[in-house]
Amino acid sequence: MTTLERILVRPFQLNDLAPLVAFWNNAFADKRNFYPLTAPDFQSRILDCAAFDPNGLILAWQERQAEPSQLVGLVHAFRPAPQSGLYAKWEQ
């Protein structure tokens, strides 16, 4: 018997935060100078950033019949930073 599976690609939703942080920590755990992020860390460093675009954070979910979805990949594009405050020194 075969198991049906597919990859669903969609923009980030706030309820994706916990699995996204777990995926991030697992993906980078063996990299030099890595330390684990928490959901509040990710919130303040990424989600609260003025250049963050929720439609630019695309998650790939593997869906298998009769199993919970599993995050298997992501891609992230930022919108241009605003030219004010901390971001005034950044180029477009």
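Just so you know, these numbers come straight off a predicted model, no measurement behind them.

Trainee: Looking at this structure, how should I read the packing of aromatic side chains?
Mentor: Describing an aromatic ring pair means giving the distance of the ring centres and the angle of the ring planes. Following the criterion strictly, the structure yields three aromatic pairs and no others. Between tryptophan 24 and phenylalanine 28 the ring centres are 4.7 Å apart and the planes differ by 45°, which places this aromatic pair in the tilted class. Separated by four residues within a single helix, tryptophan 24 and phenylalanine 28 lie in helix α1 (residues 17-28), roughly one turn from each other. With relative accessibility at 30%, the residue tryptophan 24 sits in the partly exposed group. Centre to centre, the rings of tryptophan 24 and phenylalanine 42 are 6.3 Å apart; their planes meet at 70°, and the pair counts as edge-to-face. Residue tryptophan 24 is found in helix α1, and its partner phenylalanine 42 is found in helix α2 (residues 39-47); the two are separated by 18 residues along the sequence. Grouping aromatic residues by their ring pairs yields a cluster made of Trp24, Phe28 and Phe42.

Trainee: Help me understand α2, please; the structure alone is not making it clear to me.
Mentor: Think of an α-helix as 3.6 residues a turn; residues three or four steps apart then line up on the same face. Of all the positions in α2, only Phe42, Ile46 and Leu47 are classed as buried. Looking straight down α2, one finds that the buried residues subtend no more than 70° of arc, so they occupy a single side. In this structure, the buried side of α2 is in contact with α1 and β3 (70-76).

Trainee: Would you take a moment to explain unusual backbone geometry for this structure?
Mentor: Trans peptide bonds make up most of the peptide bonds, and negative phi angles are found at most residues other than glycine. We note that asparagine 33 has phi near 65°; this positive angle belongs to a residue other than glycine. One can find asparagine 33 in the loop between α1 and α2.

Trainee: I tried to follow the nonpolar core on my own but got confused; where do I start?
Mentor: Across soluble globular proteins, nonpolar side chains have a tendency to be buried as a group. The biggest cluster of nonpolar side chains holds 15 residues, and the ones touching the most others in it are Phe12, Leu20, Phe42, Leu47, Phe52 and Leu59. Phenylalanine 42 has contacts with Leu17, Leu20, Val21, Leu37 and Leu47, leaving out every residue within four places of it along the chain.

How each quantity is defined
Residues numbered from 1 in each chain as written. Predicted model: local features only at pLDDT ≥ 70, side-chain atom pairs only at ≥ 80, totals over all residues. Heavy atoms only, no water. Phe/Tyr/Trp six-rings, centres within 6.5 Å; stacked < 30°, edge-to-face > 60°. Helix = DSSP H or I, 4+ residues; strand = E, 2+ residues; numbered from the N terminus. Buried < 20%, exposed > 50% of the residue type's maximum accessible area, 1.4 Å probe, protein only. Arc of directions from axis to C-beta. Contact = heavy atoms within 4.5 Å. Core = buried A, V, L, I, M, F, W, Y, C linked by side-chain atoms within 4.5 Å.

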